[in-house]
Protein chains: 2
Amino acid sequence: MRDLSADHRFLSINTATVRQQADLIGIVEACARRNIRAVSPWRDQVSAIGLDRAVQAIRDAGLQLSGYCRGGMFTADDAHRAEMWDDNRRAIDEAAALGSPCLVLVVGGLPQYSRPGSAPSKDIRAAHAQVHDALAGLLDHARAAKVPLAIEPLHPMYAADRACVNTLRQALDLCDVIDPDRQGGIGVAIDTYHVWWDYEVFAQIARTGRDRLLAIHVCDWLVPTKDMLLDRGMMGDGVIDIPAYRRAVEEQGFDGFIEVELLSTDWWSRPLDETLDTVIARYRTAV
Amino acid sequence: MRDLSADHRFLSINTATVRQQADLIGIVEACARRNIRAVSPWRDQVSAIGLDRAVQAIRDAGLQLSGYCRGGMFTADDAHRAEMWDDNRRAIDEAAALGSPCLVLVVGGLPQYSRPGSAPSKDIRAAHAQVHDALAGLLDHARAAKVPLAIEPLHPMYAADRACVNTLRQALDLCDVIDPDRQGGIGVAIDTYHVWWDYEVFAQIARTGRDRLLAIHVCDWLVPTKDMLLDRGMMGDGVIDIPAYRRAVEEQGFDGFIEVELLSTDWWSRPLDETLDTVIARYRTAV
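Quantities reported herein were computed from a predicted structural model and do not represent experimental measurements. All residue numbers refer to position in the chain's written sequence, counted from 1. Ligands are numbered from 1 and chains lettered from A, in the order in which they are written. At least 70 in pLDDT is required for a residue's local features to be given in this predicted model, at least 80 for side-chain atom pairs to be given and counted, and no such filter applies to totals for whole chains, interfaces and linings, which use all residues. Computation of side-chain values covers all heavy atoms of the structure but excludes hydrogens and water.

Q: Report on the sheet that holds strand β7 (residues 186–191) of chain B, specifying residues and quantitative values.
A: All names here are of chain B. A strand pair is defined by DSSP finding two or more bridges across the two strands. Helical segments are the DSSP runs of H or I of at least four residues, strand segments are the runs of E of at least two, and each set is numbered from the N terminus. The sheet built from nine strands is open, its strands ordered β3-β2-β1-β9-β8-β7-β6-β5-β4 with parallel pairing. With partners counted over all chains shown, the strands left at the sheet margins are β3 (64–65) and β4 (69–72), one partner each. By the bridge criterion, three bridges tie strand β1 (residues 11–14) to strand β2 (residues 38–40) in an arrangement that is parallel. In the strand pairing of β2, I13 is matched with V39. Helix α6 (residues 124–145) rests against β5 (103–106), β6 (149–151) and β7 of the sheet, and its axis sits at about 145° to β6. Between two residues, a contact is recorded if the distance between any of their heavy atoms is within 4.5 Å. Only C-alpha atoms enter the line fits that serve as axes; for helices the fit covers just the stretch in contact. Angles between N-to-C directions range over 0 to 180 degrees.

Q: Requested: an account of the state of the cysteines, with residues and values cited.
A: Residues and elements named next belong to chain A. Our working definition of a disulfide is a cysteine sulfur pair at a distance within 2.5 Å. Applying the stated rule across the entire model yields zero disulfides over all chains. Cysteine C31 remains unbridged, with the sulfur of C69 as its closest cysteine sulfur at 14 Å. Burial classification: accessible surface area is computed with a 1.4 Å probe over protein chains only, and a residue below 20% of its type maximum counts as buried, one above 50% as exposed, and the rest as partly exposed. Taking the relative accessible area as the measure of exposure, C31 reaches 0% and is therefore buried.

Q: Can you lay out the pairing of β4(B) for me, pointing to particular residues and giving the numbers?
A: Residues and elements named next belong to chain B. Note: β4 against β5, three bridges, orientation parallel. Pairing of G71 across the sheet is with L105, part of β5. In terms of handedness, the path from β4 via helix α4 (residues 81–98) over to β5 forms a crossover that is right-handed. The path from the first strand over the helix to the second decides the hand: if it runs clockwise while the strands point away from the viewer, the crossover is right-handed.

Q: Any details on the sheet that holds strand β7 (residues 186–191) of chain A? Residues and values, ideally.
A: All names here are of chain A. Taken together, nine strands build an open sheet; the order of strands is β3-β2-β1-β9-β8-β7-β6-β5-β4 and the sheet is parallel. The open sheet has two edge strands with one neighbour each: β3 (64–65) and β4 (69–72). With three bridges joining them, strand β5 (residues 103–106) and strand β6 (residues 149–151) adopt parallel strand pairing. In the strand pairing of β6, L103 is matched with L149.

Q: Describe the packing of helix α1 (residues 24–33) of chain B against helix α12 (residues 272–286) of chain B, naming the residues involved and giving the relevant values.
A: All names here are of chain B. For the pair α1 and α12, the least separation of the axes is 11 Å and the interaxial angle reads 50°. Here α1 lies oblique to α12, going by the angle between them. Classified by chirality, the crossing of α12 by α1 is right-handed. Here G26, A30, C31 and R33 of α1 come into contact with α12, specifically with L272, D273 and L276. For the contact of α1 with α12, the class distribution of residues is four nonpolar, one polar and two charged. These descriptions rest on fixed angle ranges, namely under 35 degrees for roughly parallel, over 145 for roughly antiparallel, 65 to 115 for roughly perpendicular, and the rest for oblique. Should the near helix be turned anticlockwise from the far one by less than a right angle, the crossing is termed left-handed; should it be turned clockwise, right-handed. Polarity classes work like this: nonpolar for Ala, Val, Leu, Ile, Met, Phe, Trp, Tyr, Cys and Pro, charged for Asp, Glu, Lys and Arg, and polar for all others, with Gly in that last group.

Q: Describe the relation of the copies chain B and chain A, with residues and values.
A: Both copies of the chain are placed relative to one another by a rotation about an axis and a shift along it. Note on the copies: chain B fits chain A at an RMSD of 0.0 Å, the axial shift is 0.0 Å, and the rotation between them is 180°. Accordingly, the operation relating the two chain copies is best matched by a two-fold axis. Most of the interface of chain B is mirrored in chain A, where 100% of its interface residues again form contacts. Least squares is the method for superposing the copies, and the C-alpha atoms it fits come from residues with pLDDT of at least 70 in both.

Okay, structure coming up:
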């Protein structure tokens, strides 16, 4: 297990963490000033400044990417299927242009939430099947672009409206079906916030293996959690034994960036400098 | 699969559903007036009127029990361990006195939330081990009292503060370890609200088998869910395909009561009659 206490060379900032304080240019510059070496931008933040300008700003700042957020929302009714495919192919191409090592996928829940306007459904098994089909259908494009698809199992409280892949076991079952010979192009993004509760998580991390460990996200679980989406905790402020999960992925050979992704109205309400400096401090002591 | 549309003879009311509107006597009487045949009371509601009076009121009303809520909160530091054992043995004895077919268990999360005053811990694996040890330690008492222990896997959003058993697979793994020869005395309570998201749930219901299917609870998942504890939905108002889960348990031979357990500030704020009448109507059309 790496010692992170001395510096923050393996820290990556998911740009949603400070999305309310600055645009992507401002975030990239603030990261560069702190010798942060990597970011993981969101598509809407890239779109707001334009892809070419985002590519240039990240290059000028000497930053790498630890991921690109996000593709997915695969579940849709027939009328919204073409939109789903187009949207995801573009996401892969943008990730390639930005030099991202993967495209993080939030796979979608029920179609009416995943692709608004889709006919309402309560059939989560049908949603599971659509997710499988979309992943299988995008794999060639992802491989050709050298942007592996990173399935992010989301906490089960998001099953209806964000992602119906909710455990690492489920994500890896999909990988096994879609890429049985482990040729690559598909794997997982593991976020402590989403998986910490799972009694099987360490066994499933061991099953994942280095080749399918495409991204590691960290933040903390607060008690009480006052909002299901925007009350995630700064590392050290909650109940997750974050180092235990980092140890487990590093035992698989993971030696990449540890990405901090913190969706929090609390931390969004603070100055950019305070939030980033706190992330760095907690990365060194609580990750 | 049973036809529930013609009457409500298999309906049970978990008394938490109308806990703000009346005490246990008032709830029992309101159920009897509607020819509801079963209830599942909570310990604090029984305690508020006294156990003997509760036994008498339920008997006088001709009601059966579908369960008794709840034992558990097994995780504790050393200073709170004796309290945990005493509390759970008493819960078993109360369930026996009330003629309950099982004791529903909310197993506890981290010890500081499960048994307040316990030393804070982030070690959820240690919590899992404590849950195992408590179940194993209570089994003889439960068998002697003829009150089987019903492990209720709770939604993973409660892992920290209420229950660190969060999937049916996990609950059944515990049953297999503690009762490998299926001699009985331990099984599961399945609540649609807690398990609906799980891609494995049908396979795990099939694994459960009739002998370990001790209780079935239903309510619905609302989108958005505004409060993690008290915003559960009336059947039909949310996104759960409740009949699909009922079909799965009845295919295992389950022919007992379908218990409605709805923790909702919305439904608590309405008159007792309105909430109960709506439960009956929805039981016939959406369960």
